[in-house]
Amino acid sequence: MSGSAVAADRSVCAPLPVLGRDVLVPLVTGGEVDYAALDYAASAPALQRVWDDVAAYAPYYGSVHRGAGYLSQLSTDLFENSRRTIEEFLGCRTEDQVVFTRSTTDSLNLLAAVLPENTRVFVFETEHHASLLPWEQRPDTTVTYLNAPRTPQQAVDTLEKALAAREPYGPALVCVTGASNVTGELWPVRELAAAAHAHGARIVLDAAQLVPHHPVNLGELDVDWVAFSGHKLYAPFGAGVLAGRADWLRDAAPYLAGGGASRKVSRRSDGGVDVEWHTTAARHEAGSPNVIGAYAIASACRALAEAGFEGLVAREQELIARLRTGLAEVPEVTVLSLFGDDAARVGVLSFVVEGWNSSHFAAALSAEYGIGVRDGLFCAHPLVRTLLGSEPQDPGECGAPDAAPGEKSLNAIRVSLGVGTPDEHVDRFVRAVKELVTDGARWNYRTEAGRCVPA
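Cut-offs and rules
- Residues numbered from 1 in each chain as written.
- Predicted model: local features only at pLDDT ≥ 70, side-chain atom pairs only at ≥ 80, totals over all residues.
- Heavy atoms only, no water.
- Helix = DSSP H or I, 4+ residues; strand = E, 2+ residues; numbered from the N terminus.
- Buried < 20%, exposed > 50% of the residue type's maximum accessible area, 1.4 Å probe, protein only.
- Contact = heavy atoms within 4.5 Å.
- Areas by Shrake-Rupley, 256 points an atom, 1.4 Å probe, with all protein chains shown as cover.
- Phe/Tyr/Trp six-rings, centres within 6.5 Å; stacked < 30°, edge-to-face > 60°.
- Lys NZ or Arg CZ within 6 Å of the ring centre and 35° of its normal.
- Pairing = 2+ DSSP bridges.
- Axes fitted to C-alpha atoms, helices over the stretch in contact; angles between N-to-C directions.
- Salt bridge = Lys/Arg side-chain N within 4 Å of Asp/Glu carboxyl O.
- Arc of directions from axis to C-beta.
- Expected span 1.5 Å × (residues − 1).
- Core = buried A, V, L, I, M, F, W, Y, C linked by side-chain atoms within 4.5 Å.
- Parallel < 35°, antiparallel > 145°, perpendicular 65-115°, else oblique.
- Left-handed = near helix turned anticlockwise from the far one by under 90°.

It is worth spelling out the overall build of the protein chain at this point. Regarding its fold elements, the protein chain presents 13 helices and 19 strands. Considered along the principal axes of its C-alpha atoms, the protein chain spans approximately 80 × 55 × 50 Å. Counting all 455 residues of the protein chain, 53% fall into the buried class. By sequence separation, contacts in the protein chain at least 24 residues apart represent 71% of the contacts at least 6 residues apart. A total accessible area of about 18900 Å² is found for the protein chain, and carbon and sulfur atoms account for 50% of it.

What follows is the structure in structure tokens.
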């Protein structure tokens, strides 16, 4: 996907039904309010459709691939049909494979494990830790960390320069996000893929924050692999996907050794064993698979496709505009951005408030307004440090305050929304920010076990 804005249909969808939309939470000031879940970037609530599909299947749950009984056969068909649904959702090419994993992190660690010997990996420092950290696990892999670009074109230019300078010329992999989990900004994926391929490299797309918001098509983006998590895609059942080219997956040793990955195991005369491994996706899916997780992802894919991404994108863009307009009216708020105010983005936005510790501010939003957001460094420490203009050695910890309420801290606040977000939750959030900045918190807070909580 390019950095340009995504065209949206004039029709705008209503919020899709999600679990938790009617949950009441207590306020420290008294009374209850329906919970405003504005932390979709961490874990999105389950779509009601996904929950209903899983509940309907649950009585028929059985072992997958190795059972002769009716429920086992039904579960096997459901598992493999889920794979095909996801292939269609992602626009997979004929030769591509869909491998079920536990998460985006697991998917990228799997890819790191199957890299050919002496692969050079190129990754921007702006990545989430899931796509920043797996590559140095093998001693034969060399990783080049690229500085944070300040425009989409600078990202392409930086990558091209790094790839052109690589020595020796051998296997290379580029890892890039589709949408930042900190700023929500879209990255120029098509252009980065073209640059990678022009220099003989492959590219994997971390789509954890992109696939819940926009269609992702491997063929159109021309990426070699895509990785994402079900729990970001309204299917929180502990499953993820790595989809794309089969050759590196097929040529490498299994990610996990065990039943399901092996086609044939026999004893040798010397007392050892010979193993013939599968060459399909099963090669890296040893053990009993998470059939419910796979089915939940497929259900979410169907639900989003049927709702129509054009309308979903149009509605999300309206909510983003509403959110940004409201925050722009508060001079004390600084929104974090790499590419500037005009950059295309998904429903993820991070900011800091002058005079506030971000953890204190997030705690007040929760305790006094029933609004759930995220504070910290968002498992993207180098990026947040860059955006906050800090030195690499400055203290700061993901998800925990490092200063007392009111003191300057190296952390930020992230608000994120999705297909289930009602207008009222965005309006309540903007109103709460304005009131907290103008009037201050109505309660006292203290740090306990690394979290800022009501005293």
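Here we take up the packing of aromatic side chains. Any two aromatic rings considered together are summarised by their centre-to-centre distance and by the angle between their planes. A complete count under the given rule lists 12 aromatic pairs for this structure. With centroids separated by 6.1 Å and ring planes inclined at 70°, the aromatic side chains of Tyr40 and Tyr234 adopt a geometry described as edge-to-face. Taken as a pair, Tyr40 in the loop between strand S3 (36-37) and helix H1 (48-57) and Tyr234 in the loop between strand S9 (225-229) and strand S10 (240-244) lie far apart in primary sequence, 194 residues in all. The pair formed by Tyr40 and Tyr234 is uniform in burial state, with each residue classed as buried. Ring pairs connect the aromatic residues Phe351, Trp356, Phe361 and Phe429, which therefore count as one cluster. Above the plane of the ring of Tyr169 lies Arg166, whose end atom (NZ or CZ) is 4.1 Å from the centre.

On to the sheet that holds strand S16 (residues 374-376). Taken in spatial order, the four strands of this open sheet run S13-S14-S17-S16, and their pairing is antiparallel. The strands lining the two open edges of the sheet, one partner per strand, are strand S13 (333-335) and S16. Strand-to-strand twist of the sheet, defined as the mean angle between neighbouring strand axes without regard to direction, takes the value 30°. Judged from the four bridges that link them, strand S14 (residues 348-353) and strand S17 (residues 412-416) form a sheet pairing that is antiparallel. Each bridged residue has a counterpart across the sheet, and for Val348 the counterpart in S17 is Ser416. Strands in contact with helix H10 (residues 309-328) are S13, S14 and S17; relative to S14, the strand with the most contacts, it is inclined by about 10°.

With respect to the element layout, Ala257 can be found in the loop between helix H8 (247-251) and strand S11 (262-267). On the accessibility criterion, Ala257 (69% relative accessible area) is exposed. Sequence separation between Ala257 and Ala286 is 29 residues; the distance between their C-alpha atoms is 6.3 Å. Discounting residues that sit within four places of it in the chain, Ala257 has contacts with Trp277 and Ala286.

With that out of the way, let us pick up the pattern of salt bridges. Enumeration according to the criterion identifies 26 salt bridges in this entry. With a closest N to O distance of 2.9 Å, Glu285 and Arg83 form a salt bridge. Here Glu285 is found in the loop between strand S12 (273-277) and helix H9 (291-307), whereas its partner Arg83 is found in helix H2 (residues 70-89), with 202 residues between them in sequence. Each member of the pair, Glu285 as well as Arg83, carries the same accessibility label: buried. One salt bridge in this structure joins Arg202 and Asp247, with 2.7 Å as the shortest N-O distance. Placement of Arg202 in strand S8 (residues 202-206) and of Asp247 in helix H8 is noted, with a sequence separation of 45 residues between them. Linked through salt bridges whose partners overlap, the residues forming this network are Arg49, Asp53, Arg302 and Glu306.

This part covers helix H6 (residues 189-198). Within H6, burial applies to Val189, Leu192, Ala193, Ala195 and Ala196. Buried residues of H6 fall within an arc of 160° about the axis and therefore sit on the same side. Where H6 is buried, its residues meet strand S5 (120-124), helix H5 (152-164), strand S7 (172-177), S8 and helix H7 (218-221). Residue Gly200 follows H6 closely and has a positive phi angle near 75°.

Right, let's talk about helix H13 (residues 423-439) for a bit. Taking 1.5 Å as the rise per residue, H13 with 17 residues should run 24 Å; its terminal C-alpha atoms sit 24 Å apart, in good agreement. His425, Val426, Arg428, Phe429, Val430, Ala432, Val433 and Leu436 are the residues of H13 that are buried. Phi turns positive one or two residues past the end of H13, at Gly440, with a value near 80°.

Time to look at the environment of Gly258. Along the polypeptide, Gly258 turns up in the loop between H8 and S11. Residues Gly258 and Arg414, 156 residues apart in the sequence, show an inter-C-alpha distance of 41 Å. If we ignore the near neighbours within four places in the chain, the residues touching Gly258 are Trp277 and Ala286.

Turning our eyes to something else, we now look at the nonpolar core. Among the nonpolar cores identified, the biggest contains 86 residues, and Ile86 and Leu90 are the most heavily contacted of them. Counting residues per element, this core draws most heavily on H9, which supplies 10 residues. The contact partners of Ile86, leaving out residues within four places of it in the chain, are Val98, Phe100, Phe228, Val241, Ala294, Ile297, Ala298 and Cys301. Counting residues in each nonpolar core, the second largest holds 31 residues, with Leu327, Tyr369, Ile413 and Leu436 among its members.

Attention shifts here to the pairing of S12. Sheet analysis places S11 next to S12, joined by five bridges and oriented antiparallel. Looking at the pairing, Arg267 lines up with Val273 of S12. Remark: five residues form the turn of the hairpin made by S11 and S12, two consecutive strands paired antiparallel; Gly271 in that turn has positive phi of roughly 100°.

A word on the sheet that holds S9. Taken in spatial order, the seven strands make up an open sheet running S4-S10-S9-S8-S7-S5-S6, and their pairing is mixed. In this open sheet, the two edge strands, each paired with only one partner strand, are strand S4 (97-101) and strand S6 (142-146). Within this sheet the neighbouring strands show an average axis-to-axis angle of 20°, counted without direction. Pairing of S5 with S7, which is carried by four bridges, proceeds in the parallel orientation. Each residue of the ladder has a partner; that of Val121, found in S7, is Leu173.

In contact at an axis separation of 9 Å, H10 and H13 are set at 10° when each is read in the N-to-C sense. Regarding the angle of H10 to H13, the classification is roughly parallel. Note on packing geometry: the crossing formed by H10 with H13 is right-handed. For the pair formed by H10 and H13, the contact residues are Arg315, Leu319, Arg322, Leu323, Gly326 and Leu327 on the first element and Asp423, Val426, Asp427, Phe429, Val430, Val433 and Lys434 on the second.

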